[in-house]
Amino acid sequence: MRKAMIISNPSSGKEKAKQYVSEVQAILESKPYEVVVNETVGEGDAANYGLSACQDGCDLVVSIGGDGTLHETINGMLDQEQRPLLGIVPLGTVNDFARALHISLDPDEAIEQLRSEQTRWVDLGAVNGQLFANVVAAGSLAEALFSVSSEEKSKLGAFAYMKEGLKDLVSTPDNMLRIEYDGQLWEGESPLFLAALTNSVGGFEKLSPDAEVDDGLIHCFVIRNIGVLNSLTLGASLFFGNLKEHKDVDYFTAKEVHVHSDEPIRTNVDGEEGPALPIDIRVLPGYMKVIVPEKS
């Protein structure tokens, strides 16, 4: 019999994850899979379970939780010869990776979509030896985003990130960045650099409308000026899907990117605190196969 592992974060989705585990287990057992359920307790648990799934020869892993749980789960599969098929039940704040794959953000619908026989090979990214599914951000604004507490995420959802960003707009300094990509160079001051694999970042599904989860490209945005007044036009550009056309945004695509600064700058990776600069980013085309909804 095929083997499946459920990796569940019981604190995700306003602490409703537990009630969904039995429903997922019933669907998987009907397919049929022999199912093991693992709940996370602390940091690193999902990564350890993801590694165990590979080493134990699991055919499928289902992540029940937010982007952080998914981030850990896929990192447990880094450099493993056999990587299981991935299923996702999104219960997080923004669920960018699920959005990009058109997986329902309604948990009950997402659970039903696990019945789908449709799969898709998707790109992942590597940054300083760790995998990411969606985005790497660097700069003073990125540092503000990973300071959002779990309590704020639970209460405010995606607005928690917006609240934190707006609060720091006036006082946010620019950082001197040196960005090398595919043999080219960008150098200058910026409060925010984004490297995205998908069209959805922070719940905004039109950040890069041309981005596909399997296009083999990193979509990069360098914001050059994000003052209070300019933030209004940047927000409009983000809403209408033409951020890359904004006068204070430099946009490019690449397969490898190196970001350096003489200043002490940390990063935000898939919504969590990431490594400090310098960072090396590269795309890993078709790295993982994911269950996606049946096409209507």
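Residues numbered from 1 in each chain as written. Predicted model: local features only at pLDDT ≥ 70, side-chain atom pairs only at ≥ 80, totals over all residues. Heavy atoms only, no water.

Trainee: Honestly, the nonpolar core in this entry has me stumped. Any pointers?
Mentor: Side chains that are nonpolar tend, in soluble globular proteins, to be buried together. Core analysis: the biggest nonpolar cluster contains 48 residues, and Val24, Leu28, Ile64, Val89, Phe97 and Leu101 have the highest contact counts within it. Discounting chain neighbours no more than four positions away, the residues touching Val89 are Val24, Val62, Ser63, Ile64, Gly65, Pro107, Ala110, Ile111 and Leu114. One finds Phe132, Val136, Phe193 and Val283 within the second-largest nonpolar core, a separate group that totals 24 residues. (Core = buried A, V, L, I, M, F, W, Y, C linked by side-chain atoms within 4.5 Å. Buried < 20%, exposed > 50% of the residue type's maximum accessible area, 1.4 Å probe, protein only. Contact = heavy atoms within 4.5 Å.)

Trainee: What exactly am I supposed to notice about the packing of helix H3 (residues 45-55) against helix H4 (residues 67-75) here?
Mentor: Helix-helix packing is characterised by the crossing angle of the two axes and by the distance between the axes. With their axes 6 Å apart at the nearest point, H3 and H4 run at an angle of 40° to one another. Taken together, the axes of H3 and H4 are oblique relative to one another. In terms of crossing hand, the pair formed by H3 and H4 is right-handed. Counting all contacts with H3, which are made through Asp45, Ala46, Ala47 and Gly50, the residues of H4 involved are Thr69, Glu72 and Thr73. (Axes fitted to C-alpha atoms, helices over the stretch in contact; angles between N-to-C directions. Helix = DSSP H or I, 4+ residues; strand = E, 2+ residues; numbered from the N terminus. Parallel < 35°, antiparallel > 145°, perpendicular 65-115°, else oblique. Left-handed = near helix turned anticlockwise from the far one by under 90°.)

Trainee: Where do I start with the environment of Lys3 in this structure?
Mentor: Structurally, Lys3 can be placed in strand E1 (residues 2-8). We classify Lys3 as partly exposed; its relative accessible area is 30%. Setting aside residues no more than four positions away along its own chain, Lys3 makes contact with Tyr33, Glu34, Asp56, Gly57, Cys58, Asp59 and Leu60.

Trainee: Could you clarify how one ought to interpret the pairing of E1 in this entry?
Mentor: Two faces belong to every sheet, and in a regular strand the side chains alternate between them. When you tally the buried positions in E1, you get 5 out of 7 residues, the bulk of the element. Sheet topology note: the E1/strand E2 (residues 33-39) ladder contains 7 bridges and is parallel. Looking at the pairing, Ile7 lines up with Asn38 of E2. Direction of pairing for E1 relative to strand E3 (residues 60-65): parallel, over a ladder of 5 bridges. Following the sheet pairing, Ser8 is matched in E3 by Ile64. (Pairing = 2+ DSSP bridges.)

Trainee: Sorry if this is basic, but what is going on with the sheet that holds strand E11 (residues 218-223) here?
Mentor: Strand order in the open sheet formed by 6 strands is E12-E11-E10-E7-E14-E15, with antiparallel pairing between adjacent strands. Of all strands in the sheet, those with a lone pairing partner are strand E12 (249-254) and strand E15 (272-273), marking the two edges.

Trainee: Which parts of the structure should I look at to understand the packing of aromatic side chains?
Mentor: Describing an aromatic ring pair means giving the distance of the ring centres and the angle of the ring planes. A complete count under the given rule lists 2 aromatic pairs for this structure. Their ring planes at 15° and their centres at 3.6 Å tell us that Tyr181 and Phe252 sit as a pair that is stacked. Of this pair, Tyr181 sits in strand E8 (residues 175-181) while Phe252 sits in strand E12; the two residues are 71 residues apart in sequence, bridging distant segments of the chain. The exposure class of Tyr181 is buried, given its relative accessible area of 12%. For Phe252, a relative accessible area of 8% translates into the label buried. Ring geometry for Phe221 and Tyr251: centres 5.0 Å apart, planes at 50°, overall tilted. On the criterion of sequence distance, the pair formed by Phe221 in strand E11 and Tyr251 in strand E12 is long-range, its members being 30 residues apart. (Phe/Tyr/Trp six-rings, centres within 6.5 Å; stacked < 30°, edge-to-face > 60°.)

Trainee: In this structure, what is going on with the pairing of E8? I would like to understand it.
Mentor: Side chains Asn175, Leu177, Ile179 and Tyr181 project from E8 onto a buried face, and the interleaved Met176, Arg178 and Glu180 project onto a face without burial. With 7 bridges connecting them, E8 and strand E9 (residues 184-190) associate as antiparallel partners. Bridging from a neighbouring strand, Met176 pairs with Glu189 of E9. Linking E8 back to E9 in an antiparallel pair, the connection comprises 2 residues, with Asp182 at a positive phi of about 45°. Relative to strand E13 (residues 256-260), E8 is paired through 4 bridges, and the arrangement is antiparallel. By the bridge assignment for E13, Ile179 is matched with Val259.

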